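# Summary of the model geometry
Listed here are the chains, written in short residue letters.
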Amino acid sequence: MRVATKTFYEGVQQRISRLSSELNEINKKISSGRNINRPSDDPLGLIDSLGLKSTLSQADQYLRNLEMGKSWLNLIESAMDQSGELVGRAIEIGIQTANDTQSPETRAQAAIEVGHLLDQAIALGNTQLGGYYIFAGYETLTPPFSKVVVGGIETAQYNGDGNDFNIQIGKNETIAIGKNGQTVFINSSLFDILGTLKKALEDNDVATVRLQLDNLKTAGDYLQNHMADAGAKANRIEGKESALTTLRLNLKDRLSQVEDTDLAELVTELRAKELAYEAALMSAVKITELSLINFLR
Amino acid sequence: MSGISSVLNVAKGALMAQQQSMAVAGHNIANVNTLGYSRQAVLLESSSSFSMARIKIGMGVQVNSVVQYVDQFIERTIRQKVSFLNEYESKAHVLSYMETIFNETSGQGLTQVINEFWDAWQDLANNPGRIPERTALLEKAEILSRRFNSMRDDLDQSKQNMNLNLGKSIGTLNGVTKKIAELNEKIVLAESSKTPANDLRDQRANLVQKVSELVGTVYLEDDDGSYSVFTTDGTLLVNKNQSWELSQSGNSVYWNNIPSDISKKLSGGEIGAWLDFRDEVIPQYIANLDELAGTIIFEVNDLHYSGFALNDAVGQKTFFVSNTGDNYVAHTPGASFSGAARYIALSTDVKGIPANIAVAGISGGAPGDNENALKILSLQTDASIQIRKWTYKDRGETITNSLQTATIDDYYRTFTGEIGILGREFIQNQEFQQAMMDHLTELRDSVSGVNLDEEMTQLIQIQRAHDAAAKLVAIADEMLQSILQMR
């Protein structure tokens, strides 16, 4: 085919401009570290990566939520544990003082200790985490338990409500990480029993003291159950946490596959393009040197 | 005697012919880089013979005409294909700008902003009573609103720019068609003496190509050599020495100042690209962005309205607001969300009043009640949200929508992906058209382009012929001398 002089030069121009733009694309990928620099680079990859990013951001948030849930549940567990110990001590005192050989003075002494136990129990009920009362239901800013005297017996009244605090730990999945004081403390009658025990010891009323021993055991079991429940939930959260951490790593891995450049591959590609570019320049020089004019003297 | 003088005449004719050939070769060399130039050649022919006694002797050479090497078929193909190339080039260019509006590849895309908005709800649900988390949420919501506003603004601006581009292209078109009409007149005049007006034709061909770059074009050559130029939909632009102007009035395009809009009919070229983007591509993205913003306003407000602020027993507060205070609380399915992206903002209920965010689900708004926040944040993963997806066809004459059931996230993701796919399509079309155009140009140039080596050879060839003719004069002169010196 006949070739016009213009065709040579245009061909050189086209080749060089195409190779420049290809070099530029590779350079952009290498310098940004990303395969997709604009939607049209890889539309489907972009859709994938956006989905992965959203899921990743959700997983991160759930992990934060779980972390918080764990601290709530751990605190509940330890409050229940301490309440349990407190009940144990009360039972010990009850058994000792129920013995007929004890004097009224010893019982009066014991009554003071039981009074301390009641105060401790109320303080446990008013456990705070980050400024929140965790046993107050939704009334997290109000101390849930305050000491009152009902019919001469010291006890505590509940100022919170009957709701349990929930957090989201997965898609459509919430978990109650709070326990309201009504369920845990009031329903266990712990305060009433301790108040009654104290009064009975002060009154030297051995029969009532004995009666409270069984009540204390029931209350102890009740608290034990709640401790176990909080423990089970903490376990569930830990399981969830490790699953999410694995998922998160997986997601990051997949995201990196979609988004991040394969440097080795790109550098090889860059070398190849560089060679092609140099070759194009060289052939351009050779071609433009070829002219009949050079041979006419 | 007649023998020698005829030799002199032959030599003179030859000198003239070679000189003309040299001029044409020089013209070719001079135009080696001229756009659209078709190489020319002198058509030589031997002069008719005369009889001397019984013998016929030739009278030498004469120039028949100067012809152009033109392949009409390729020329026509190029002139019509160039409108596709320019259309896709323009489209790919505008779309690559639009991609920057929807750029999700760097960290701070809309997806990221929406995710941060939901995360702020999560943090608030974890700490329902605290003001810092509430304030943080309001900030994130503000950022989200502003992002929608600026994206919508950018889209509106792009649409406006299409009108500006259209104005420019129409201005260029009018200038070009006027020149074609002028050239028509000149060519008809020049060719009335039956000699082709080669260079004027080249100029006119370039101008027709320019028209085709601007809008899809067909053209016909009349018997007298003038061109009639139409757009592909049959709008007459040039006939003989007359041209008709297009004019722009608002969103309409008029022909010959007749106030009837032809903008839906024009296709191809830059003008087709601007109109496609103005009436189809951009409005579709605007509609879908509005739909997305409207859906977020509606879904969030719907739940927010039935929740309770801190220490609040009344509820009925809104979170977002759209144009003219519309909060979509009384929104009926299917009603328009038009303008939602442009106007989305925090409602006066919550703006600057973090305590008014309806986090609580129970009347009274206890500081630990996060029930409503939990409901609102599950919108993020709610796959049962129904969102309309708009499709604009026929330059906005056919607007349809289909109901998609997806998460808000999915909806936007598909939407961004589609921009990428469209961008890819334009780029591929452009590359295809460009490759075809390159090939056609090469073909054209193989016929019409100047090859310098070829012209150099021509120069030598002509020079030698000229030398020989000059020699002929000298020899004839000597012959004449010999005769004159005879005694």
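Computed from a predicted structure; not experimentally measured. (Residues numbered from 1 in each chain as written. Chains lettered and ligands numbered in written order. Predicted model: local features only at pLDDT ≥ 70, side-chain atom pairs only at ≥ 80, totals over all residues. Heavy atoms only, no water.)

All right, on to the interface of chain A and chain B then. Facing the 49 residues of chain A at the interface are 58 residues of chain B. Surface buried jointly by chain A and chain B totals about 4600 Å² across both partners, of which 54% is contributed by carbon and sulfur atoms. Of all residues in chain A, Arg2, Lys6 and Tyr138 of chain A give up the largest surface area on contact with chain B, accounting jointly for 16% of the area buried on that side. Counting across the interface, chain A meets chain B through four salt bridges. Its salt-bridge partner being Glu99 of chain B, residue Arg38 of chain A comes within 3.0 Å of it at the nearest N-O pair. In this structure, the connection of chain A to chain B is made through 23 residue pairs in polar contact (both at pLDDT 80 or more). Taken together, the elements giving at least two residues each to the side of chain A that touches chain B come down to helix H1 (5-32), helix H2 (43-98) and strand E5 (166-170) of chain A. Sort the elements by how many residues they give to the side of chain A that touches chain B and H2 of chain A lands first, with 14 residues. Among the residues making up the side of chain A that touches chain B, the classes are represented as 20 nonpolar, 17 polar and twelve charged. (Contact = heavy atoms within 4.5 Å. Buried area = accessible area lost by both parts, 1.4 Å probe. Salt bridge = Lys/Arg side-chain N within 4 Å of Asp/Glu carboxyl O. Polar contact = N/O pair within 3.5 Å; in protein donor to acceptor, adjacent residues only side chain to side chain. Helix = DSSP H or I, 4+ residues; strand = E, 2+ residues; numbered from the N terminus. Nonpolar A, V, L, I, M, F, W, Y, C, P; charged D, E, K, R; others polar.)

Time to look at the layout of surface pockets. One number sums up the size of the largest pocket: a volume of about 1100 Å³. Arg18, Ser21 and Glu22 of chain A together with Ile427 and Glu431 of chain B are, among the 32 residues lining the largest pocket, the residues nearest its centre. Contributing elements (two or more residues each) for the lining of the largest pocket: H1 and helix H7 (263-289) of chain A together with helix H2 (72-101) and helix H9 (408-448) of chain B. Per element, the largest residue contribution to the lining of the largest pocket is ten residues, and it comes from H1 of chain A. A per-class count over the lining of the largest pocket returns seven nonpolar, eleven polar and 14 charged. Its volume calculated, the second largest pocket comes out at about 510 Å³. Sorting the residues of the lining of the second largest pocket by element identifies H1 of chain A together with H2, helix H5 (198-214) and H9 of chain B as the ones contributing at least two each. (1 Å grid on protein atoms, 1.4 Å probe; cavity = no way out; pocket = protein on both sides within 12 Å on 5 of 7 lines; lining within 4 Å. Points joined across faces, edges and corners; volume = space filled by probe spheres on them.)

Right, let's get into unusual backbone geometry. Residues apart from glycine generally show negative phi values, whereas peptide bonds are mostly found in trans. Non-glycine residue Ser189 of chain A carries a positive phi angle of around 60 degrees. When you line up the elements, Ser189 of chain A lands in the loop between helix H4 (181-186) and helix H5 (190-202). Given a relative accessible area of 29%, Ser189 of chain A falls into the partly exposed group. We note that Gln316 of chain B has phi near 55 degrees; this positive angle belongs to a residue other than glycine. Tracing the sequence through the fold places Gln316 of chain B in the loop between helix H6 (269-305) and strand E11 (320-321). (Buried < 20%, exposed > 50% of the residue type's maximum accessible area, 1.4 Å probe, protein only.)

This part covers the sheet that holds strand E8 (residues 242-243) of chain B. Residues and elements named next belong to chain B. Judged by pairing direction, the sheet is antiparallel, and its four strands sit side by side in the order E5-E6-E7-E8 without closing on themselves. Looking at strand neighbours, the two that pair on one side only are strand E5 (217-221) and E8, the edges of this open sheet. Relative to strand E6 (residues 227-231), E5 runs antiparallel, the two sharing five bridges. The residue bridging Val218 from the neighbouring strand is Phe230, located in E6. In this fold helix H4 (residues 131-191) packs onto E6, strand E7 (236-239) and E8, with an angle of close to 25 degrees to the strand it touches most, E7. In this fold H5 packs onto E5, E6 and E7, with an angle of close to 155 degrees to the strand it touches most, E5. (Pairing = 2+ DSSP bridges. Axes fitted to C-alpha atoms, helices over the stretch in contact; angles between N-to-C directions.)

If you walk through the whole model with that rule in mind, you get 51 salt bridges over all chains. Between Asp60 of chain A and Arg248 of chain A there is a salt bridge, and its shortest N-O distance comes to 2.3 Å. Taken together, the residues Asp60 of chain A in helix H2 and Arg248 of chain A in helix H6 (residues 206-259) connect sequence positions 188 residues apart. Residues joined by salt bridges that share partners form a network here, namely Lys6 and Glu10 of chain A together with Glu75, Arg79, Arg444 and Asp445 of chain B.

Bringing the packing of H4 of chain B against H5 of chain B into the picture now. Residues and elements named next belong to chain B. It is the contact of H4 with H5, at a shortest axis distance of 9 Å, that shows an interaxial angle of 155 degrees. Overall, the two elements H4 and H5 adopt an arrangement that is roughly antiparallel. For the element pair H4 and H5, the recorded crossing hand is left-handed. In the contact of H4 with H5, the residues fall into eleven nonpolar, five polar and six charged. (Parallel < 35°, antiparallel > 145°, perpendicular 65-115°, else oblique. Left-handed = near helix turned anticlockwise from the far one by under 90°.)

Here the focus is the environment of Ala205 of chain B. Mapped onto the elements, Ala205 of chain B comes out in helix H5. Sequence-wise, Ala205 of chain B and Ile180 of chain B are 25 residues apart; in three dimensions their C-alpha atoms are separated by 8.9 Å.

Turning our attention to a nonpolar patch on the surface. There is a patch of nonpolar side chains on the surface, built from Met52, Ile55 and Ile57 of chain B and spanning about 250 Å² of accessible area. Within the secondary structure, Ile55 of chain B sits in strand E3 (residues 55-57). (Patch = residues over 30% accessible without salt bridge, like charges linked within 9 Å, V, L, I, M, F, W, Y side chains within 5 Å. Areas by Shrake-Rupley, 256 points an atom, 1.4 Å probe, with all protein chains shown as cover.)

Right, let's talk about the environment of Lys178 of chain B for a bit. All names here are of chain B. Structurally, Lys178 is set in helix H4. On the accessibility criterion, Lys178 (47% relative accessible area) is partly exposed. Here the alpha-carbon distance between Lys178 and Val238, two residues 60 residues apart in the chain, equals 7.8 Å.

Phe102, Phe117, Trp121, Phe148, Phe319 and Phe320 of chain B are the most contacted members of the largest nonpolar core, which totals 85 residues. Per-element tally for this core: the top contributor is H6 of chain B, with 16 residues. If you look at the next biggest cluster of nonpolar residues, it comprises 54 residues, including Ala59, Trp72, Tyr132 and Ile167 of chain A. (Core = buried A, V, L, I, M, F, W, Y, C linked by side-chain atoms within 4.5 Å.)

On average, chain A scores 91 in pLDDT, and the residues at 70 or more come to 100%. At the level of individual helices and strands, chain A shows its lowest average pLDDT in H1 of chain A, which scores 89, and its highest in strand E3 (residues 145-150) of chain A, which scores 94. (pLDDT = per-residue confidence, 0-100.)

Looking now at the confidence of the model for chain B. All names here are of chain B. Residue-level pLDDT values for chain B average 92, and 99% of them are 70 or greater. Taken element by element, the predicted model of chain B shows its lowest mean pLDDT in strand E2 (residues 50-52) (72) and its highest in E7 (96). Taken together, the chains of this predicted complex give a pTM of 0.86 and an interface ipTM of 0.85.

All names here are of chain A. Relative to strand E4 (residues 153-158), E3 is paired through six bridges, and the arrangement is antiparallel. By the bridge assignment for E4, Phe145 is matched with Tyr158. In textbook terms, the turn of a hairpin is the stretch between consecutive antiparallel strands, and for E3 and E4 this stretch comprises two residues, one of which, Gly151, has a positive phi near 55 degrees.

Here the focus is empty space enclosed by the protein. Overall, the coordinates contain two cavities of 30 Å³ or more when judged by the stated rule. Estimates place the volume of the second largest cavity at around 30 Å³. In terms of lining residues, the second largest cavity is bounded by Arg38 and Ser40 of chain A together with Ala92, Leu95, Ser96, Glu99, Gly423, Phe426 and Ile427 of chain B. Listed by contribution, the elements that provide at least two residues to the lining of the second largest cavity are H2 and H9 of chain B. Looking at side-chain class alone, the lining of the second largest cavity contains four nonpolar, three polar and two charged residues.

Okay, H5 of chain B next. For H5 of chain B, built from 17 residues, the straight-helix expectation of 24 Å at 1.5 Å per residue is met to within 8% by its first-to-last C-alpha distance of 25 Å. Among the residues making up H5 of chain B, those that are buried are Asn198, Arg201, Asp202, Arg204, Ala205, Leu207, Val208, Val211, Ser212 and Leu214 of chain B. (Expected span 1.5 Å × (residues − 1).)

Its place among the elements puts Thr261 of chain A in the loop between H6 and H7. Thr261 of chain A gets classed as buried once you look at its relative accessible area, which sits at 16%.

Glancing now at the packing of H4 of chain B against H6 of chain B. Residues and elements named next belong to chain B. The interhelical angle for the contact between H4 and H6, taken along N-to-C directions, is 170 degrees, at an axis separation of 9 Å. Looking at the two axes, H4 sits roughly antiparallel to H6. Looking at side-chain class alone, the contact of H4 with H6 contains 19 nonpolar, four polar and six charged residues.

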